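# Descriptive analysis of the structure
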Amino acid sequence: MRKIPRVIARAPIPMFRLGLGGLLSKRFVMLEHRGRKSGLIREVVLETIWIDGDDVYVISGYGWASQWLRNVEADPRVRMWSGWGTGVSAIARVLDPVAGREVLDDYRKRHPGTVRTLAKGLGIEGFTVDGPLPEDIAERMPLVRIRPRR
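Anyway, here's the lowdown on the structure attached to this text. Because the structure is predicted, anything quoted here is derived from the model rather than measured. (Residues numbered from 1 in each chain as written. Predicted model: local features only at pLDDT ≥ 70, side-chain atom pairs only at ≥ 80, totals over all residues. Heavy atoms only, no water.)

The subject of this paragraph is the environment of arginine 42. For arginine 42, the location among the structural elements is in strand E2 (residues 41–52). For arginine 42, a relative accessible area of 38% gives the class partly exposed. Distance in space between the C-alpha atoms of arginine 42 and valine 78 is 9.9 Å, their sequence separation being 36 residues. Setting aside its immediate chain neighbours within four residues, arginine 42 contacts Leu31, Glu32, His33, Gly35 and Asn71. (Helix = DSSP H or I, 4+ residues; strand = E, 2+ residues; numbered from the N terminus. Buried < 20%, exposed > 50% of the residue type's maximum accessible area, 1.4 Å probe, protein only. Contact = heavy atoms within 4.5 Å.)

Given below as structure tokens:
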């Protein structure tokens, strides 16, 4: 699997900090999470794959190797920045593989061009527009639901 260079992946963070995340549309969110070992606040910008009311769904394209995913599994309390303005307190929950696969199946039907680009660019095996998804795809690329606290 290919990785996005760190400098590019982190480039949008200052925009969110300044309240300018709306320039990136609602397709991206910034997540503040706590390092599971260090206890320090960390930040990551993620692409949304589905927005259902206030709930935002994101995917870990690098699977369990992603530190942000391991951190939110250890401590699901996060702050989510989306669009214009400041972050909101939220809870991030890793979906079970069956639910994750259903969300991915819906996503690929709604965004076939993006799926082709991501699968090719990141070398994600089995993430295609046509045919059935691999049974283990949501285990390899876990999905996370981020729900604002009320």
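Once that is clear, we can look at the side chain of serine 66. Examined against the element boundaries, serine 66 turns out to sit in the loop between strand E3 (55–59) and helix H3 (67–74). Here serine 66 falls in the buried class, since its relative accessible area comes to 8%. A polar atom in the side chain of serine 66 sits 3.1 Å from the side chain of serine 60. (Polar contact = N/O pair within 3.5 Å; in protein donor to acceptor, adjacent residues only side chain to side chain.)

It is worth spelling out the environment of aspartate 55 at this point. Inspection of the secondary structure assignment puts aspartate 55 in strand E3. On the basis of relative accessible area, aspartate 55 is assigned to the buried category, the value being 8%. For the pair aspartate 55 and lysine 26, spaced 29 residues apart in the sequence, the C-alpha separation amounts to 12 Å. Every residue in contact with aspartate 55, bar those within four places of it in the chain, is listed here: Trp50, Arg145, Ile146 and Arg147. One polar contact links aspartate 55 to arginine 147, side chain to side chain, over a distance of 2.6 Å.

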